[in-house]
Amino acid sequence: MSRFLNEFDAKNLLAEYGVPMVKSRVAHTKEEAEKITDEIKFPAVMKVLSADIQHKTEAGCVFLGVEKDKANEIFDKICDNARTYAPEAVIDGILIQEMADSSLEVIVGMKKDPQFGPVLMVGLGGIYVEVFQDVSLRLLPIDRQEVQRMLEETRLYKIIKGARGTRYDEETLIDVLLSISKMSLEQPDIEEIDINPLFLYEEGKGAKGVDALIRM
């Protein structure tokens, strides 16, 4: 039977494989939330941490730009909204994470095909993934040269190379895709990985994954 990791566990697993993710902490009580405010730069993002609530925004369980003095109030709001939206959901806590600087939005991930095995994916990310459908796919395993060719098949690649006047960190994106490939092959229980968005910054400035989903 498939199950989703909660977002904090998913991000930690990705980070273990070298995928750069935003700094996150988990609060189980308002007292813990108050302590965490000293560890995370504010304004921050607060969201419910539950493998049973995948559509957090729809549930009213995601708050952006939360100021430090509002953390306790938002903690209660998220808990109330989560109970209303999914009364049976198991709540693992409230995730408090840094707000990453916006940049080029990329989607990266893997989905296991029942016939062919793990398939790597990359393309333009953000809220318009379904609209643009700009993705490239490859069966695993894969090497650096093939990842390069994979990127070149997308409209995303022209943007990375400076079509809008800014060149983005292509080498970091290739590293991220190779890390996901390695993770997928070493962790055969993983059926799906989805990072959307991964903010890709200017050349030499890396990337940061904001939202992550892993299905086992």
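Heads up: the structure comes first, above all this text.
Residues numbered from 1 in each chain as written. Predicted model: local features only at pLDDT ≥ 70, side-chain atom pairs only at ≥ 80, totals over all residues. Heavy atoms only, no water.

Caption draft 1: Main features of the nonpolar core. Counting 39 residues, the largest nonpolar core has Leu173 and Ile214 as the members making the most contacts within it. Where this core is concerned, the elements lending two or more residues are α1 (7–16), β5 (104–113), β6 (117–124), α5 (144–152), α6 (155–160), α7 (170–186), β8 (192–200) and β10 (212–215). With 6 residues, α7 is the largest single contributor of residues to this core. For Leu173, the contacting residues outside a window of four places in its chain are Val106, Val108, Val122, Leu151, Leu156, Ile160, Leu198 and Leu200. (Core = buried A, V, L, I, M, F, W, Y, C linked by side-chain atoms within 4.5 Å. Buried < 20%, exposed > 50% of the residue type's maximum accessible area, 1.4 Å probe, protein only. Helix = DSSP H or I, 4+ residues; strand = E, 2+ residues; numbered from the N terminus. Contact = heavy atoms within 4.5 Å.)

Caption draft 2: Structural context of the packing of α5 against α7. Their axes nearest at 10 Å, the elements α5 and α7 cross at an angle of 115°. The handedness of the crossing between α5 and α7 is right-handed. Across the interface between the two elements, Arg144, Val147, Gln148 and Leu151 of α5 pack against Glu170, Glu171, Leu173, Ile174, Asp175, Leu177 and Leu178 of α7. Class assignment of the residues belonging to the contact of α5 with α7 gives a composition of 6 nonpolar, 1 polar and 4 charged. (Axes fitted to C-alpha atoms, helices over the stretch in contact; angles between N-to-C directions. Left-handed = near helix turned anticlockwise from the far one by under 90°. Nonpolar A, V, L, I, M, F, W, Y, C, P; charged D, E, K, R; others polar.)

Caption draft 3: How the structure looks around the layout of surface pockets. Its boundaries defined by the atoms lining it, the largest pocket holds a volume of some 1,500 Å³. Lining of the largest pocket is provided by 45 residues; of these, Gly126, Ile127, Asn196, Pro197 and Asp211 occupy positions nearest its centre. For the lining of the largest pocket, the per-class residue count stands at 24 nonpolar, 9 polar and 12 charged. Here the second largest pocket is characterised by a volume of approximately 200 Å³. As for the second largest pocket, its lining consists of Lys41, Phe42, Pro43, Glu98, Met99, Ala100, Asp101, Tyr201 and Lys208. Partitioning the lining of the second largest pocket into residue classes produces 5 nonpolar, no polar and 4 charged. (1 Å grid on protein atoms, 1.4 Å probe; cavity = no way out; pocket = protein on both sides within 12 Å on 5 of 7 lines; lining within 4 Å. Points joined across faces, edges and corners; volume = space filled by probe spheres on them.)

Caption draft 4: Highlighting the sheet that holds strand β4 (residues 93–98). One open sheet accounts for 4 strands, arranged β1-β4-β2-β3; its pairing is antiparallel. The open sheet terminates on both sides in strands that have one partner only, identified here as β1 (24–27) and β3 (62–66). Averaged over neighbouring strand pairs, the angle between their axes works out to 25° when direction is ignored. In terms of strand pairing, strand β2 (residues 44–49) meets β3 through 3 bridges, oriented antiparallel. Residue Lys47 lies in a different strand from β3, and its bridge partner there is Val62. Docked against the sheet, α1 engages β1, β2 and β4, running at close to 45° with respect to β4. Strands β1, β2, β3 and β4 of the sheet are contacted by helix α3 (residues 71–85), whose axis makes an angle of about 30° with β2. (Pairing = 2+ DSSP bridges.)

Caption draft 5: The arrangement of α5 in detail. Residues Val147, Met150 and Leu151 constitute the buried set of α5. Around the axis of α5, the buried residues are gathered within 95° of arc, so they sit on the same side. As for α5, its buried residues are in contact with β6, β7 (135–139), α6 and α7. (Arc of directions from axis to C-beta.)

Caption draft 6: Region of interest: the side chain of Asn6. Turning to its location among the elements, Asn6 is positioned in the segment before α1. In this structure the side chain of Asn6 is engaged in a polar contact, spanning 3.1 Å, whose partner is the backbone nitrogen of Phe8. Apart from the residues lying within four places of it in its own chain, the contact partners of Asn6 are Leu49, Ala51 and Asp92. (Polar contact = N/O pair within 3.5 Å; in protein donor to acceptor, adjacent residues only side chain to side chain.)

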